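Summary of structural features
Below, each chain spelled out in residue letters.
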Amino acid sequence: MPKIVTFGEILLRLSTPGFQKIAQAESFDCTFGGTEMNVGAALVNFGFDVTHVGVFPENHIGKKAKAFIRKLGISDENIHLKGQRMGLFFLETGAVSRASQIVYDRADSAFVNLDPSWFNWEEILKDADWFHWCGITPAVGEKPAIALLDALKVAKKLGIKVSSDIYYRSNLWNYGKTPQDILPELASYSNVILASRKNIEEIFGIVSNEEKGKFQDTAKKLMERYPSIEKIIATERIQISASHNRMNARMWNGQEYMKTSNLDITHIVDRVGTGDAFLGGFIYGQLKYKDDLKSLEFGNASSALKHTIPGDQNLVDIAEVENLMLGDGSGKLKR
């Protein structure tokens, strides 16, 4: 059973019932979410052993969060209960022509105030097959950025595969550093990067002069700059409305450009966490299929199915994903 380690902040998610706007809500549905943990949750459902590393406040909310990830099947042995505050976000789910909206409240959280010395990465990453991180983690504070760099150095030393989603949310960088200051060094330790052409241009200053194939061109140049990067992947969302999207995925693997066909998602229930579902599916494909195109297709199908599940985590199993990959999107009742 492959062992996956993820590191990042988990937030309390407060969402309006149904499709209510925040302004009209008198109650909120309570759960937890966090991009790295969401990737791990998908991989648990695909049969992998997952450990999440992080910090929760030492109070009832922190204990509730620990219980939540245990319920998902994720190990909490490397979760520290320290500090006083859980970061949170409010979600208003859109429909038809009204977009979903998220309001964050995560300043001065227990995770932001962590001490990098709390984490013995040599021990945490022992026997791990894969380590995953996201660009939001170094965005929220200098201490998480230091802890992440420590983890990446150990992962490289131990020969562990590393994936990263370098989407970084520019409004979170409030401690005197910019994404351009921090993310390039962190990305240099990664083997697989989820990044659009725009991400590559903004973070690394790599611009394509090509009329066509701009994604491939910027991906090639990024891999030339950082030889440890083996694969660059991206998703494309064709948004017809808040309730109807089409999804595909693409990759440059150093030798070949490949792209999946579109999957039509006609009645979106919850699109939060769908990128994490894609990454969880892709990592599964890399470790099990060892085939790049099939990994992309598994990730794309995983993401499409996550759109049908309330909450941050993708809870589908391998058979459901492979069924959609084979073209069965009928939703026919199974007995």
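Here, every reference points to the structure presented above.
What comes next concerns the included structure. Since this is a predicted model, take the numbers as computed values, not measurements.

Take the side chain of Lys-231 next. By secondary structure assignment, the location of Lys-231 is in strand S11 (residues 231-239). By relative accessible area, Lys-231 is classed as buried at 16%. Among the polar contacts listed, one links the side chain of Lys-231 to the side chain of Asp-292, at a separation of 2.9 Å.

Of all 11 residues that make up helix H1 (residues 35-45), 10 are buried, and the element is covered over most of its length. Those residues of H1 not exposed but buried are Thr-35, Glu-36, Met-37, Asn-38, Val-39, Gly-40, Ala-41, Ala-42, Leu-43 and Val-44. Of the residues trailing H1, Gly-47 is marked for its positive phi of about 95 degrees.

Two elements in contact, helix H9 (residues 274-288) and helix H10 (residues 292-306), have axes whose closest approach is 7 Å; the angle formed by their N-to-C orientations is 150 degrees. In terms of orientation, H9 and H10 fall into the roughly antiparallel class. When you trace H9 past H10, the crossing you get is right-handed. Where H9 abuts H10, its residues Thr-274, Ala-277, Phe-278, Gly-281, Phe-282, Tyr-284, Gly-285 and Gln-286 lie against Asp-292, Ser-295, Leu-296, Phe-298, Gly-299, Asn-300, Ser-302, Ser-303 and Lys-306. Split into classes, the residues belonging to the contact of H9 with H10 amount to six nonpolar, nine polar and two charged.

This brings us to the sheet that holds strand S2 (residues 11-15). Pairing is mixed across the open sheet formed by four strands, whose spatial order is S3-S2-S6-S7. Because the sheet does not close on itself, it has two edges, and the strands there are strand S3 (29-33) and strand S7 (101-105). Strand-to-strand twist across the sheet, computed as the mean angle between neighbouring axes with direction ignored, equals 25 degrees. With five bridges joining them, strand S6 (residues 88-92) and S7 adopt antiparallel strand pairing. For Glu-92, the partnering residue across the bridge sits in S7 and is Gln-101.

All right, on to the environment of Ile-69 then. The topology assignment puts Ile-69 in helix H2 (residues 60-72). Since its relative accessible area comes to 0%, Ile-69 is described here as buried. Spatially, the C-alpha atoms of Ile-69 and Phe-32 are 8.7 Å apart, while their sequence positions differ by 37 residues. When near neighbours in sequence (up to four residues on either side) are disregarded, Ile-69 contacts Ile-10, Met-37, Ile-74, Ser-75, Asp-76 and Ile-79.

Each value, and the rule that gives it
Residues numbered from 1 in each chain as written. Predicted model: local features only at pLDDT ≥ 70, side-chain atom pairs only at ≥ 80, totals over all residues. Heavy atoms only, no water. Helix = DSSP H or I, 4+ residues; strand = E, 2+ residues; numbered from the N terminus. Buried < 20%, exposed > 50% of the residue type's maximum accessible area, 1.4 Å probe, protein only. Polar contact = N/O pair within 3.5 Å; in protein donor to acceptor, adjacent residues only side chain to side chain. Axes fitted to C-alpha atoms, helices over the stretch in contact; angles between N-to-C directions. Parallel < 35°, antiparallel > 145°, perpendicular 65-115°, else oblique. Left-handed = near helix turned anticlockwise from the far one by under 90°. Contact = heavy atoms within 4.5 Å. Nonpolar A, V, L, I, M, F, W, Y, C, P; charged D, E, K, R; others polar. Pairing = 2+ DSSP bridges.

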